[in-house]
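Residue-level structural notes
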Amino acid sequence: LIVIPVFDWLGQYGWSYGLVILILTLIIKICLMPIAFKSYMSSAKMRVLKPEIDAINEKYPKQEDAMKKQQAIMDLYKKADASPMSGCLPMLLQFPILIAIFRFFPSSIELRQQSFLWADDLSTYDSILDLGFSIPFYGDHISLFCLLMCVTNIVYTKFTMQAQSNQQMPGMKFMMYLMPVMLLFFFNDYPAGLCYYYFVSTLITVLQTVVIKAFFIDEAAILAKIESNKK
C-alpha cells in the first residue's frame, strides 16, 4: 500500500529507474531511522550490561534457581531501561516492506527494458558472466547485483554479531553466515531491480550502523546513566 504509490510517484519524473529505486530505498530508510537508532541504543545497553548478566548467571547456577535468575535479570533490564527484544523491532517493521518489494519488482511492468549501470534490463537478472554450464540450485550465470547483495549481507551479519551482548554458539554463528550464502543461490535468477534494492538497502544499513556507533553511541556514558538510574 505504501511502496507502489511512492514508486509510481517517483517514476513520473522520468528519472532512470535505478535512481528511482535508490531514492525509494532512502525514503524507507529515513522513515525507519528513529526505530533503528533505538535498536542500536538498546544493543549498546545490552553490551554494557553483559558483565552484570554474567555475574547473575554465576550467582544462580542451579536449575532450581532459574526463576530467581530470570527475575534478577529482568530487574536489571528495568533499572537500565533496556530490553533484549527491542533489537527485533526494526526487522519486524521492515518485514512487510521486504515482502512488498519481493512481490512487486518481479511483476513490475515499468522495469522492463529499463537499463541501469551494467544491467540491460532491471526486470530480469543481470548476467555479467555466462558460465557455459549449470550449477545445481545456482544457474548458468553470475548476477552481479545478487553477488553484491550477498556480500553486503555478510558484512551486515558480522556487524550484527559484534553488536550482540552474549557470546554466540558456534552452530548459531555458522547459521548466521550461511543465510547470506543461501541468498546467493536463491536470488541469482531474480530481477536485477530486486537484488539492487536489497543491495542498496543493506549497504545503507551497514553505513548507518557505522555512523551511529562512531558518533552517537557512547558506552561509557550509557554505563554512567545506568549506574545513576540504579541509585
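Located above this text is the structure these notes cover.
First, a word on what this report is: a plain description of the structure on this page. Within any chain, residue numbers begin from 1 and follow the written order of that chain's sequence. pLDDT decides what is reported in this predicted model: residues at 70 or higher carry local features, side-chain atom pairs at 80 or more are listed and counted, and totals for whole chains, interfaces and linings draw on all residues regardless. The side-chain numbers reported here are obtained from all heavy atoms of the structure, hydrogens and water having been left aside.

1. Describing the overall build of the protein
What the protein contains, in helices and strands, is eight helices and two strands. For the protein, the sequential pattern of α-helices and β-strands runs α-α-α-α-β-β-α-α-α-α. Throughout, exposure labels follow a simple rule: accessible area from a 1.4 Å probe, protein chains only, divided by the maximum for the residue type, with under 20% read as buried, over 50% as exposed, and the rest as partly exposed. In the protein, buried positions account for 37% of the 231 residues. It only takes one pair of heavy atoms within 4.5 Å for two residues to be counted as in contact. Nonlocal contacts in the protein, meaning residues at least 24 apart in sequence, comprise 69% of its contacts between residues at least 6 apart. Using a 1.4 Å probe, the Shrake-Rupley method yields the accessible areas, and only the shown protein chains count as cover for residues. Carbon and sulfur atoms provide 66% of the accessible area of the protein, an area that totals close to 14,000 Å². A run of H or I in DSSP counts as a helix once it spans at least four residues, and a run of E counts as a strand once it spans at least two, with each numbered from the N terminus.

2. Description of the side chain of Thr205
For Thr205, the position within the fold is in helix H7 (residues 192-215). There is a polar contact of 2.9 Å between the side chain of Thr205 and the backbone oxygen of Ser201. In this view, Thr205 contacts Lys29, Tyr40 and Tyr156; residues no more than four positions away in its chain are not counted. As used in this structure description, the phrase polar contact means that two N or O atoms lie within 3.5 Å; if the pair is within protein, one of them must be able to donate a hydrogen and the other to accept it, and residues adjacent in sequence are counted only when both atoms belong to side chains.

3. With respect to the pairing of strand E1 (residues 127-135)
Any two strands between which DSSP finds at least two bridges are classified as paired. Here E1 pairs with strand E2 (residues 139-143) via four bridges, running antiparallel. Each residue of the ladder has a partner; that of Asp130, found in E2, is His141. Taken together, E1 and the strand that follows it, E2, pair antiparallel across an intervening segment of three residues, in which Phe137 is found at a positive phi of about 70°.

4. Focus on the packing of aromatic side chains
Any pair of Phe, Tyr and Trp rings, taking the six-membered ring for Trp, is counted once the centres come within 6.5 Å. Such a pair is stacked with planes under 30 degrees apart, edge-to-face with planes over 60 apart, and tilted for the rest. Inspection of every chain in the model, using the stated rule, returns 19 aromatic pairs. Between the aromatic rings of Phe7 and Phe105, the centroid separation amounts to 5.9 Å while the plane-to-plane angle is 75°, which identifies the pairing as edge-to-face. Of this pair, Phe7 sits in helix H1 (residues 3-11) while Phe105 is found in the loop between helix H4 (89-104) and E1, placing the two residues 98 residues apart along the sequence. You can call Phe7 buried: its relative accessible area is 1%. On the numbers, 5.1 Å between centres and 75° between planes, the contact of Phe186 with Phe187 is edge-to-face. What makes Phe186 partly exposed here is its relative accessible area of 45%.

5. Brief notes about the environment of Ala44
With respect to the secondary-structure elements, Ala44 resides in helix H2 (residues 17-59). Through-space distance from the C-alpha of Ala44 to that of Ile222 is 7.9 Å; in sequence the pair is 178 residues apart. Ignoring any residue separated from it by four or fewer positions in sequence, one finds Ala44 in contact with Ile217 and Ile222.

6. Comments concerning a nonpolar patch on the surface
A patch consists of residues whose relative accessible area exceeds 30% and which take part in no salt bridge; residues with like charges are grouped when within 9 Å of each other, and nonpolar side chains (Val, Leu, Ile, Met, Phe, Trp, Tyr) when within 5 Å. Within this document, salt bridges are pairs made up of a side-chain nitrogen of Lys or Arg and a carboxyl oxygen of Asp or Glu, the two lying within 4 Å of each other. Nonpolar side chains collect at one region of the surface, where Phe133, Ile135, Phe137, Ile154, Val181 and Phe185 lie side by side and expose about 580 Å² of accessible area between them. Secondary-structure elements contributing two or more residues to the nonpolar patch are E1 and helix H6 (170-187). Take Phe133: it is sitting in strand E1.

7. A look at the packing of H1 against H2
Geometry is summarised by axes, namely lines fitted to C-alpha atoms with helices restricted to the contacting stretch, and by angles between N-to-C directions that run from 0 to 180 degrees. Running from amino to carboxyl end, H1 crosses H2 at an angle of 135°, the nearest separation of the two axes being 10 Å. Our classification of the angle between H1 and H2 gives oblique. Where H1 crosses over H2, the two elements pack in a sense that is right-handed. Each of Val3, Val6, Phe7, Leu10 and Gly11 in H1 lies in contact with H2, whose residues at this interface are Tyr17, Val20, Ile21, Ile23, Leu24 and Ile27. Angle categories are assigned with fixed cut-offs, so that under 35 degrees is roughly parallel, over 145 is roughly antiparallel, 65 to 115 is roughly perpendicular, and the rest are oblique. Each helix crossing is assigned a hand: it is left-handed if the near helix lies turned anticlockwise from the far helix by less than a right angle, otherwise right-handed if that turn is clockwise.

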